[in-house]
Structure formats: C-alpha cells, structure tokens
Amino acid sequence: MSAASAQGDAVPAGTVSGSIEPASQGLTLAGPALSGLALARGEVDRVAHLRADADWLKAAWTDPATRVIVVERGQALCELTDQHAALAFIAPPEAPDGVRFLLGVEADGLAHFGVAGPLPAQAGPDVRPAYLREAGPLLSDRDAGLLTHAVALANWHETFTHCPRCGSPTDPIASGHARKCPVDGSEHFPRVDPAMIVLVTDPADRALLARNAQWPERRVSILAGFVEAGESAEQAVAREVAEETGIAVRAVTYLGSQPWPMPQSLMLGFRAAAANTDINVDADEIAEANWYSRDELAAAIAAGTIRLPPPVSIAHRIIETWYGSDLPGSW
Ligand SMILES: [Zn+2]
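Note on numbering: residues in each chain are counted from 1, in written sequence order. In keeping with the predicted nature of the model, local features appear solely for residues at pLDDT of at least 70, side-chain atom pairs appear and are counted solely at 80 or more, and the whole-chain, interface and lining totals rest on all residues. Excluding hydrogens and water, the side-chain figures rest on all heavy atoms present in the structure.

**A few points about the pairing of strand β13 (residues 249–260)**
Formally: Each residue is assigned to one of three classes by its accessible area relative to the maximum for its type, calculated with a 1.4 Å probe on protein chains only: buried under 20%, partly exposed between the two thresholds, exposed over 50%. Strands are runs of DSSP state E lasting at least 2 residues, helices are runs of H or I lasting at least 4, and numbering of each runs from the N terminus. In this scheme, strands are said to pair when DSSP sees at least two bridges between them.
Burial runs high along β13: nine of the 12 residues are buried. Connecting the antiparallel pair β13 and strand β14 (residues 265–274) is a turn made up of four residues.

Have a look at this one:
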C-alpha cells in the first residue's frame, strides 16, 4: 500500500482525534524507512569492552599507526573540497592535552581516538577546521561515524564538568564515555536529548511545512520538538503538532533516527496523518504553516519563496521520501 492510499483510507473526513494508532491496527502510514542518513553512518567497531582495559589502551595509544581526531568547539580538521571530505588524522604524539576518548577499532586493528582540545596546525592546502554539518555529508561512512561520535563526546565533556549531586569536578572514565565523581562515586553518562521530527500529510497527501518564528524569511521545514520528560516519542509528535499548528494526528509511523550532536540531540523521524486540515499556528513558536502539494512545493522552491533544510538533515530526507525524488534548493 502506498503512503498516499494509506492516508486516504485511514482518515475519515471530519474526524478530529489526537489518538495514535499502533502499527498492528493496520492504519498507519506505509512510508519508506530512511536509510543512509548522513550522520547515521559508521564502520568502526566501538569496542566498548576495551574502554576500561588499561593495558590495551596504553598499547593502542603508543602504536604509531593509531589515529587521532581533535575536536574543538564542534570543529575538526578535514581535507575538504566541494565534492569530498576526509578527516585529517594525527598520530598520538601530536595530540594536544584534553579529554581523550576511544572511538573504536577498524577490522584490521587500526585504533581511533578523539581528543577534546585545541586544533593542531593545518597541514595541506585543502585542510581546514570544519563542522559536522558541513563535512558530514561529504565524508566516507567511516569518517562520518567517527566525527559524529567524537563531536558528541567532545560537546558533552565541554559542558558536563561537575557532579550534579555534590558540585565537585568529575573525572572522565571508560575512555571518555562516562564521568565519575571522586567525592560521592556517582557515575554520569553522555546526555542525549531525544527530539521528534514529523512530516504531517493531509488526506490529499499534501505536506505540512512551517516556518519557526526564529528563522529567517522563506525558511520552512517539517515540525519538530523535544520529547518531554515522561513522554513517548509518539506522544510528543501528537502534542507538538497540535500545539504548533492545531492539527490532530491520528496515525504516527516511525521512519528512522539520526544523531544531531549540535550540541546533543537525537532526531527521531516520523510521518503522521492529519485528522483535520484547518491550521491554527502558535504564533510564539511558528510564524506560518501551510499545506503543500508536490507541485506547489516545486513551484515555491523554483520561485524562491521557500527554502528547505539542507541534505545533511533528517528533515530534508523525510521531505524527499514524500516528494518522491531529489529536492531542489536548501538553506
Ligand atoms: Zn559528586
């Protein structure tokens, strides 16, 4: 069953309901699952079992073949051209002081570490500091996974420096994948904030796109918001869509996820079917929201009246799966 026919069948006219149908009831959207998301790639084994192995860690750090990525304020050195990016690794002796984390080991035994510290000197004409947002889509699967992992940990260590129980400075443990308080012994793990992002479609298979009040003119995307404490991701979808646009959703389907460590989100992608089409925006958060058919979307992009999120984002990919082909234009 196609996404379009599923929605047409599933949404009786005039029905307004905030309830969510479980997939087992057969009324959810049959949208395509997302694959190959730019920041959800990786080839390196994270070898969690080696994170506390002091002998192995020492041997790996003294192995001249070991590679290190340095991350400073979300940036790492990359060899970067318009079409291609590659991490500019350094050897352990060249690494600056800073929190060190074991990123993983390749199939051939090559170990990768990250260090949160000042970036080393740029070596090579195309080597420069780059953000994940910029380099991520151009990196290989291996390098995209390494940089996403390293940026997420570096961001966490940069901000999570003290114990939330007693206020003492904490120490990195588990090769940088946790921190421990030396006073009360409590252990703390990297914080990840789950956020849902959802493409809502109406019975005519039009997509709901909105402009956040904080964004520049013309920028639009699908709706997104953080999952609140004690709430499921599906409940967050229904709540945020209703709060921001007054639209009730009656079927929610999970599509896939992508880490977005800028600084610490995990984006959970969904599609949802609208039970009503009258938009009533929350003006504090949403400047405008509108339904777009595929033809209307293409025309608006061509006319320059709207711009869509960049290909690195899960939003872009979700819109693309609905649109049916590559999307022109992005911000
Ligand atoms: Zn403490």
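**Focus on the coordination of the zinc ion**
Which entries qualify depends on this criterion: The rule for donors is simple: N, O or S, within 2.8 Å of the metal, or within 3.2 Å if the metal is Na, K or Ca. Water isn't counted, so a site may look like it is missing partners.
The zinc ion binds to the protein through C163 (SG), C166 (SG), C181 (SG) and D184 (OD), with metal-donor distances spanning 2.2 to 2.4 Å. Summarised as a motif, the one-chain spacing of the donors to the zinc ion is C-x2-C-x14-C-x2-D. Of the two residues, C166 is situated in the loop between α4 (141–159) and β7 (171–173) and D184 in the loop between β8 (178–180) and β9 (187–188); the sequence distance between them amounts to 18 residues. Classification of C166 as partly exposed rests on a relative accessible area of 38%.

**Some points on the sheet that holds β7**
Working definition: the strands of a sheet are paired by backbone hydrogen bonds and lie parallel or antiparallel to each other. Defined as follows: The contact rule is simple, with two residues in contact once any of their heavy atoms fall within 4.5 Å. Fitting a line to C-alpha atoms yields each axis, with helices limited to the stretch in contact; the angle taken between N-to-C directions then spans 0 to 180 degrees.
Strands sit in the order β7-β8-β9 across an open sheet of three strands; the sheet is antiparallel. Both edges of this open sheet fall to β7 and β9, since each of them pairs with a single strand only. Taken together, the three bridges between β7 and β8 define a ladder with antiparallel strand orientation. Note on β8: the bridge partner recorded for P172 is R179. Lying on the sheet, α4 is in contact with β7, β8 and β9; it crosses β8 at an angle near 25°.

**Focus: the pairing of β14**
Of all the 10 residues making up β14, nine are buried; the element is thus mostly covered by neighbouring parts of the structure. Relative to β14, β13 runs antiparallel, the two sharing 10 bridges. Within β14, the residue paired with V249 across the bridge is A274.

**Structural notes on the packing of aromatic side chains**
What counts is decided by this rule: Aromatic rings from Phe, Tyr and Trp, taking only the six-membered ring of Trp, are treated as a pair when their centres fall within 6.5 Å; an angle between ring planes under 30 degrees marks them as stacked, one over 60 as edge-to-face, and anything in between as tilted.
Using the criterion set out here, one finds four aromatic pairs in the structure. Ring centres 5.4 Å apart and planes at 20° place the aromatic pair W156 and F160 in the stacked group. Seen from their ring centres, W322 and Y323 are 6.4 Å apart, and the 50° between their planes marks the pair as tilted.

**Some details on the pattern of salt bridges**
Counted only if it meets this: A carboxyl oxygen of Asp or Glu within 4 Å of a side-chain nitrogen of Lys or Arg is what we treat as a salt bridge.
Counting across every chain of the model gives 15 salt bridges. With a shortest N-O distance of 2.6 Å, D202 and R206 are connected by a salt bridge. Take D202: its relative accessible area is 2%, and that puts it in the buried class. R206 sits in the partly exposed class, given a relative accessible area of 27%. Between E240 and R239 there is a salt bridge, and its shortest N-O distance comes to 3.4 Å. Look at E240 and you get buried, because its relative accessible area is 7%.

**Let's talk about the packing of helix α6 (residues 294–303) against helix α7 (residues 314–323)**
The condition that has to hold: With respect to orientation, any angle under 35 degrees is reported as roughly parallel, any angle over 145 as roughly antiparallel, any angle of 65 to 115 as roughly perpendicular, and every other angle as oblique. Whether a crossing is left-handed or right-handed is set by the direction in which the near helix is turned from the far one by less than a right angle, anticlockwise for left-handed and clockwise for right-handed. Amino acid classes used here: Ala, Val, Leu, Ile, Met, Phe, Trp, Tyr, Cys and Pro are nonpolar; Asp, Glu, Lys and Arg are charged; the rest, including Gly, are polar.
Two elements in contact, α6 and α7, have axes separated by 10 Å at closest approach and are oriented at 125°. Classified by the interaxial angle, the pair formed by α6 and α7 is oblique. Classified by chirality, the crossing of α7 by α6 is left-handed. Side by side, α6 and α7 meet where R294, L297 and A298 of the first sit next to I319, W322 and Y323 of the second. Residues belonging to the contact of α6 with α7 are distributed by class as follows: five nonpolar, no polar and one charged.

**A word on α6**
Inclusion rule: It is the directions from the helix axis to the C-beta atoms that the arc portrays.
The complete set of buried residues in α6 reads L297, A300 and I301. Along the long axis of α6, the arc covered by the buried residues comes to 100°, so they all point the same way. Exposed and facing more than 90 degrees away from the buried side of α6 are D295, A302 and A303. In the core, the buried residues of α6 are packed alongside β11 (207–212), β15 (286–292) and α7. Just beyond α6, the residue with positive phi is G304, at close to 75°.

**Observations concerning the environment of C166**
C166 sits 17 residues away from V183 along the chain, and the two C-alpha atoms are 8.0 Å apart. Non-local contacts of C166, meaning those with residues more than four positions away in its chain, are made with C181, V183 and D184.

**Description of the side chain of S221**
Along the chain, S221 falls in the loop between β11 and β12 (223–226). Beyond its immediate chain neighbours, meaning those up to four positions away, S221 contacts L208, L209, A210, W215, P309 and A315.

**Examining the confidence of the model for the chain**
This is how it is decided: The quantity called pLDDT is the predictor's confidence in a given residue, expressed from 0 to 100.
Looking at the chain as a whole, the pLDDT averages 90, with 89% of positions reaching at least 70. Note that residues 1–31 has pLDDT below 50 and, in this model, 65 contacts with residues that lie over four places away or in other chains.

**Considerations on the environment of I314**
The topology assignment puts I314 in helix α7. The class of I314 is buried, set by a relative accessible area of 3%. Counting along the chain gives 54 residues from I314 to W260, while the straight-line C-alpha distance between them is 9.2 Å.

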